[in-house]
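# Analysis of the macromolecular model
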Amino acid sequence: MTTTDLRIGLAGTGRIGAAHAETLKALPGVGSVIVADADAPRAQAIASKLGLEFAPDVETLLGSGLSGLIVATATDSHPELITRAVDRGIPVFCEKPVAADIRGTLAVLEHLETSDVPVQIGFQRRFDAGYRAARAAIASGELGWLHTLRATTLDPAPPPAEYVARSGGLFRDCGVHDFDIIRWVTGREVVEVYATGGNRGAEFFRAAADVDTAAVLLTLDDGTLATVSLSRYNGAGYDVRLEVLGSRGNAIVGLDARAPLHSVESGYPPATSPAYPNFMERFHPAYTAELRAFLSVATGAIPTPCHPTDALEAFYIAEACDLSRREGRPVAQHEVRQR
């Protein structure tokens, strides 16, 4: 199969799904795109707007001769869509997470062990130019040995209450991206976490047993320390960065003209570009590169660049963070591992 033959299905036409639909339409090699959603009128509206095909339900979508399936639906539907597509021999790209919890993730992984159909999980930071450059700098040895990483994911405003209630919490929904990228850029594993969190914002975070701000300390298997700062209330703008500090140098991701950082030092020039308003704009090139990679996965040109086992490892870290926050103590990774 060549990339010009690809017929891509898209399940889910919410914010991220609609963005993927636009991207897919413009990607070279995509012959056709067909969309479906539990909210059929919404999918039909997206199809009409973009000139795509419309499927009234998932069964019709899966039976429409797909070369690959993009899953951008609610988390609780991910396991069924992944397994149903794989059982039909359809390569899958699924937005994180694989499932809502570790047990569900392990069940999907067990199912996938019987198949060689590729599944790629959506951790778009792996395709961002800055993170890729930081990974290369670490691998080359130019930074020397690492002693500290500082990761930051700060949202300018919280998501709706109904989203928070179903999100799995700040560590699983938001921090999981930092946990994955720390593993990926360093090539190391996390062995222990200590996490704490606070609530100074909306009451619906407490109602969902969640926090709106958190701080995490990770210990990697070579002794490197990593901190992760998370918040739903960063009024200056969307701020995602990674600082990699080594014995000979450093690499900083996300420090550009649109980083929402305001120096109070005398004589330092103020920012001249607006801050990124959200993750979709900040990572638009990465999302495009991620889907382009999936087309290559679907044709067998490359192996999956982000396997479901990677999602499981990041989920384990998030699970350990949640346990640490609730019990107020460091948590070793073996305490949450079930495999």
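The name given to the protein chain in an unreviewed UniProt entry is Myo-inositol 2-dehydrogenase/D-chiro-inositol 1-dehydrogenase, and the organism recorded there is Nocardia goodfellowii. Regarding the protein chain, the UniProt comment filed under Sequence similarities (unreviewed entry) reads as follows: "Belongs to the Gfo/Idh/MocA family."

We now examine the sheet that holds strand E5 (residues 92-95). The strand order across the open sheet formed by six strands is E3-E2-E1-E4-E5-E6, and the pairing between neighbours is parallel. Where the open sheet ends on each side, the last strands, each with one partner, are strand E3 (53-54) and strand E6 (119-122). As paired strands, strand E4 (residues 68-71) and E5 are joined by three bridges and run parallel to one another. When the sheet's bridge partners are listed, Ile70 is paired in E5 with Phe93. Helix H4 (residues 78-87) rests against strand E1 (6-11), E4, E5 and E6 of the sheet, and its axis sits at about 175° to E5.

All right, on to the side chain of Glu95 then. Along the chain, the position of Glu95 falls in strand E5. One buried charged residue, Glu95, forms no salt bridge at all, with the nearest opposite charge on Lys96 at 7.4 Å. Only 2.6 Å separates the side chain of Glu95 from the side chain of His20, close enough to count as a polar contact. When near neighbours in sequence (up to four residues on either side) are disregarded, Glu95 contacts Ile16, His20, Val71, Ala72, His78, Gly122 and Tyr287.

Taken as a whole, this structure holds 29 salt bridges when the rule is applied. Close ionic contact of Glu319 with Arg172 constitutes a salt bridge, the shortest N to O distance being 3.0 Å. Taken as a pair, Glu319 in helix H12 (residues 308-327) and Arg172 in helix H8 (residues 170-186) lie far apart in primary sequence, 147 residues in all. Glu319 sits in the partly exposed class, given a relative accessible area of 24%. Judged by its relative accessible area of 19%, Arg172 falls in the buried class. Residues Asp322 and Arg326 are paired through a salt bridge, measuring 3.2 Å at the closest nitrogen-oxygen approach. One end of the pair, Asp322, and the other, Arg326, are both in helix H12, four residues apart, so they sit about a helical turn from each other. Ionic contacts of the salt-bridge type, sharing partners, join the residues Arg126, Asp180, Arg183, Glu189 and Asp310 into one network.

Definitions and limits used
- Residues numbered from 1 in each chain as written.
- Predicted model: local features only at pLDDT ≥ 70, side-chain atom pairs only at ≥ 80, totals over all residues.
- Heavy atoms only, no water.
- UniProt positions renumbered as here; feature names shortened; annotations may be inferred.
- Pairing = 2+ DSSP bridges.
- Helix = DSSP H or I, 4+ residues; strand = E, 2+ residues; numbered from the N terminus.
- Contact = heavy atoms within 4.5 Å.
- Axes fitted to C-alpha atoms, helices over the stretch in contact; angles between N-to-C directions.
- Buried < 20%, exposed > 50% of the residue type's maximum accessible area, 1.4 Å probe, protein only.
- Lys, Arg positive; Asp, Glu negative; His and termini not counted.
- Salt bridge = Lys/Arg side-chain N within 4 Å of Asp/Glu carboxyl O.
- Polar contact = N/O pair within 3.5 Å; in protein donor to acceptor, adjacent residues only side chain to side chain.

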